Amino acid sequence: MKNKSTLVMIEYIVMLLVFVLSTTVCIRMFVLSEQLSRKYEATDRAVLVAQNIAEGMKTHGIEDFFSEEKTVQTAENTGCVFYDKNWKVTEEATAEFVAEVNWKETGLLFRAEIIVSKAKGTELFRLPVAGQKETEVAMNETN
């Protein structure tokens, strides 16, 4: 009888170990999926921000767009827009994300590159943009 109860006890211990192992694997998968979800959500938002900036540049022109947004001009042809963790435009001190725009003008055309990254430097999305300067096009159409 003692031998049979030992066998049942070993069976319970093995079942418990299998349960603990499967629970550990499941918890690790949930944590990993949460991390991936946050990463891809940030990437999706970065794509939307870059597209909005590109459309604003094409619609309002480079100078008007940067005067409307809370943009910090870091160099002659470079500007940054800072965003908080909820993707609202904010100050540099409280920024979680940065959209950096580098542009070059040639005649009636402009070329730009929009780089959206985390404030710590991890790049999320890069978008090249090209277009016509709106103000000069409108003036040429009236003449």
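Residues numbered from 1 in each chain as written. Predicted model: local features only at pLDDT ≥ 70, side-chain atom pairs only at ≥ 80, totals over all residues. Heavy atoms only, no water.

A few words now on the packing of aromatic side chains. A ring pair, where both rings are aromatic, is described by two values, the distance of the centres and the angle of the planes. Per the stated rule, a full pass over the model turns up 2 aromatic pairs. Each ring, one from Tyr 83 and one from Trp 87, has its centre 5.9 Å from the other, and the planes form 40 degrees; the classification is tilted. By relative accessible area, which is 7% here, Tyr 83 ends up buried. The buried category is assigned to Trp 87, whose relative accessible area is 11%. Consider the rings of Trp 87 and Phe 97, whose centres lie 4.0 Å apart with planes at 15 degrees: the pair is stacked. Of this pair, Trp 87 sits in the loop between β2 (78-83) and β3 (97-106) while Phe 97 sits in strand β3, placing them 10 residues apart in sequence. Across this residue pair, the class does not change: Trp 87 and Phe 97 are buried. Among the aromatic residues, ring-to-ring pairing joins Tyr 83, Trp 87 and Phe 97 into one connected group. (Phe/Tyr/Trp six-rings, centres within 6.5 Å; stacked < 30°, edge-to-face > 60°. Buried < 20%, exposed > 50% of the residue type's maximum accessible area, 1.4 Å probe, protein only. Helix = DSSP H or I, 4+ residues; strand = E, 2+ residues; numbered from the N terminus.)

Together, Val 8, Met 9, Tyr 12, Ile 13, Met 15 and Leu 17 give the surface a local cluster of nonpolar side chains, amounting to about 610 Å² of exposed area. In this fold, Tyr 12 is placed in helix α1 (residues 2-60). When its relative accessible area of 51% is taken as the criterion, Tyr 12 is described as exposed. (Patch = residues over 30% accessible without salt bridge, like charges linked within 9 Å, V, L, I, M, F, W, Y side chains within 5 Å. Areas by Shrake-Rupley, 256 points an atom, 1.4 Å probe, with all protein chains shown as cover. Salt bridge = Lys/Arg side-chain N within 4 Å of Asp/Glu carboxyl O.)

Glancing now at the sheet that holds strand β1 (residues 71-75). To summarise the sheet geometry, strands pair through backbone hydrogen bonds and adopt either a parallel or an antiparallel arrangement. Spatially, β1-β2-β3-β4-β5 is the arrangement adopted by the 5 strands of the open sheet, whose pairing is antiparallel. Each edge of the sheet is formed by a strand with only one pairing partner; in this case those strands are β1 and β5 (123-132). Between one strand axis and the next, the sheet turns by 20 degrees as a mean value, whatever way the strands run. Sheet topology places strand β4 (residues 109-118) next to β5; 9 bridges connect them, and they run antiparallel. The residue bridging Arg 111 from the neighbouring strand is Ala 130, located in β5. (Pairing = 2+ DSSP bridges. Axes fitted to C-alpha atoms, helices over the stretch in contact; angles between N-to-C directions.)

Turning to the pairing of β3, a few remarks are in order. By the bridge criterion, 6 bridges tie β2 to β3 in an arrangement that is antiparallel. In the sheet register, Thr 78 faces β3, and the bridge partner there is Asn 102. By the bridge criterion, 10 bridges tie β3 to β4 in an arrangement that is antiparallel. Within β4, the residue paired with Glu 105 across the bridge is Phe 110.

As enumerated under the stated definition, the model contains 3 salt bridges in all. Here Arg 38 ties to Glu 34 by a salt bridge, and the two come within 3.3 Å at their closest N and O atoms. Within this pair, Arg 38 and its partner Glu 34 are both found in helix α1, separated by 4 residues, close to a single helical turn. Of the residues examined, Arg 38 reaches a relative accessible area of 56% and is grouped as exposed. Residue classification places Glu 34 among the partly exposed positions, given a relative accessible area of 39%. Two residues, Arg 126 and Glu 113, come together in a salt bridge whose shortest N-O distance is 3.2 Å. In this pair, Arg 126 is assigned in strand β5 and Glu 113 in strand β4, connecting sequence segments 13 residues apart.

From the geometry alone we can't say anything about function, so treat these as descriptive.
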